Amino acid sequence: MELLIFYPLAGICIVLALGVVINNSPVNSAMSLIGMMLGLAGIFILQQAHFIAILQIIIYAGAIMVLFMFVIMLLNLKGKGEDDSWISRDKDLLLTVLSSLLAVGVLYKIIIIINAGDFNSPALPPDSFGTVREVGTILFTKFILPFEMASILLLVAMIGAVVLAKSKVD
Amino acid sequence: MLKVRSIDMEMVPLTHYLFLSATLFVIGVVGVLVRRNAIVVFMSIEIMLNAVNISLIAFDRYLNLHDGQIFSFMVMCVAAAEVSVGLAIIISLFRNKPTINLDEFNIMKS
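Each chain carries its own residue numbering, running from 1 in the written order of its sequence. Starting at A for chains and at 1 for ligands, labels are handed out in the order in which the entities are written. Residue-level local features of this predicted model are given only where pLDDT is at least 70; pairs of side-chain atoms are given and counted only at 80 or more, and the full residue set underlies all totals for whole chains, interfaces and linings.

Engineer: Sorry if this is basic, but what is going on with the overall build of chain B here?
Structural biologist: For chain B, the count of helices and strands is 4 helices and 0 strands. Helix numbering and strand numbering both begin at the N terminus, where a helix is a DSSP run of H or I of at least 4 residues and a strand a DSSP run of E of at least 2. Mapped in sequence order, the helices and strands of chain B form the string α-α-α-α. Our radius of gyration is a C-alpha quantity, and the globule rule it is checked against amounts to 2.2 Å times the number of residues to the power 0.38. Over its C-alpha trace chain B gives a radius of gyration of 19 Å, far above what one expects of a compact globule, namely 13 Å for 110 residues. Along the three orthogonal principal directions, the C-alpha set of chain B runs to about 65 × 25 × 20 Å. Contact criterion: two residues are in contact if their C-beta atoms, reconstructed from the backbone, are within 7 Å. Long-range pairs, those at least 24 residues apart, make up 44% of the contacts in chain B with a sequence separation of at least 6.

As structure tokens, then:
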């Protein structure tokens, strides 16, 4: 049953991720990326990580992608940035093909390494695994220092974004 | 006990999640290497961060810990910070020179 849900979700995620890379217009890429985020939220639910799945939908599919769409609309990128062909950096097809081959080779190697591992004794998590209560408890006890650091990071990012968007680059 | 056994039989193996994670990561790497549109490069970086999240949560469930979920929470925080600052930089660069083609931004080189 879980496998029956997993394979379509994984296939949709991979196809939409390819769509992000292949699509010519940034708006279509952003739409594919939103779909991929939602599919990944489904995969997280499948792994009993309900809290992270909700956060995935709220933060990624909600906040971050709205920010992307906002910037795309603001810059009005029609016909700018890239020419008709997406597939060549510096008009150099050889470089594109070589870098893609390199990436696919790395993927092949990673898959071989994963296959060689022995992952046949999974722990059986209880039903309460991954609920907001469990994750929140461990977040505010064991990981309280990283949590505070994250808040400082977000504050710095907010100030940095305001300063960068306000002033001109010389 | 019988219920536990039946759940065990139909669970997705960890390797499948790792394959999905590796595939998505490599798609993100290809996007960063191949595309020239700055916004699409940012989206590819988001794909890579999400791929790492899949790995973290898969190992998290495999080992019955909660640490991986906290880590993926932190990854989401970093992604939000990175996107806000990065898009501010893109807007700032666009104001300076009306293009987002990455190959035309070589002001640091000379």
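Engineer: What am I meant to see in helix α3 (residues 38-63) of chain B here?
Structural biologist: Residue and element names in this part refer to chain B. By this rule, a helix spans an expected 1.5 Å times one less than how many residues it contains. Along its 26 residues, α3 runs 38 Å from first to last C-alpha, staying within 8% of the 38 Å computed at 1.5 Å per residue. Exposure in this text rests on C-beta crowding, where 20 or more other C-beta atoms within 10 Å of a residue's own make it buried, 12 or fewer make it exposed, and counts in between make it partly exposed. The C-beta atoms are placed from the backbone. Burial of α3 is extensive: 19 of the 26 residues sit out of reach of the surface. One or two steps after α3, the chain reaches asparagine 64, where phi turns positive at roughly 60°.

Engineer: Sorry if this is basic, but what is going on with the nonpolar core here?
Structural biologist: Buried together is how nonpolar side chains tend to be arranged in soluble globular proteins. Put simply, a nonpolar core is buried Ala, Val, Leu, Ile, Met, Phe, Trp, Tyr and Cys residues tied into one set by C-beta atoms within 7 Å. Of all hydrophobic cores here, the largest spans 63 residues; its most connected members are Ile39 and Met43 of chain B. When residues of this core are traced back to their parent elements, those giving at least two are α1 (2-22), α2 (26-46) and α3 (50-75) of chain A together with α2 (14-34), α3 and α4 (67-96) of chain B. Filtering out sequence-adjacent residues up to four positions away, methionine 43 of chain B remains in contact with Val20, Ser29, Ala30, Leu33 and Phe68 of chain A.

Engineer: So what exactly am I meant to see when it comes to the interface of chain A and chain B here?
Structural biologist: Where interface size is quoted, it is often the accessible area lost as the parts come together. Across the boundary between the two partners, chain A contributes 74 residues, which contact 68 residues of chain B. Secondary structure elements with two or more residues in the side of chain A that touches chain B: α1, α2, α3, α4 (93-116), α5 (132-141) and α6 (144-166) of chain A. Grouping the amino acids of the side of chain A that touches chain B by side-chain chemistry returns 57 nonpolar, 10 polar and 7 charged. All amino acids are sorted into three groups, where Ala, Val, Leu, Ile, Met, Phe, Trp, Tyr, Cys and Pro are nonpolar, Asp, Glu, Lys and Arg are charged, and the leftover types, Gly among them, are polar.

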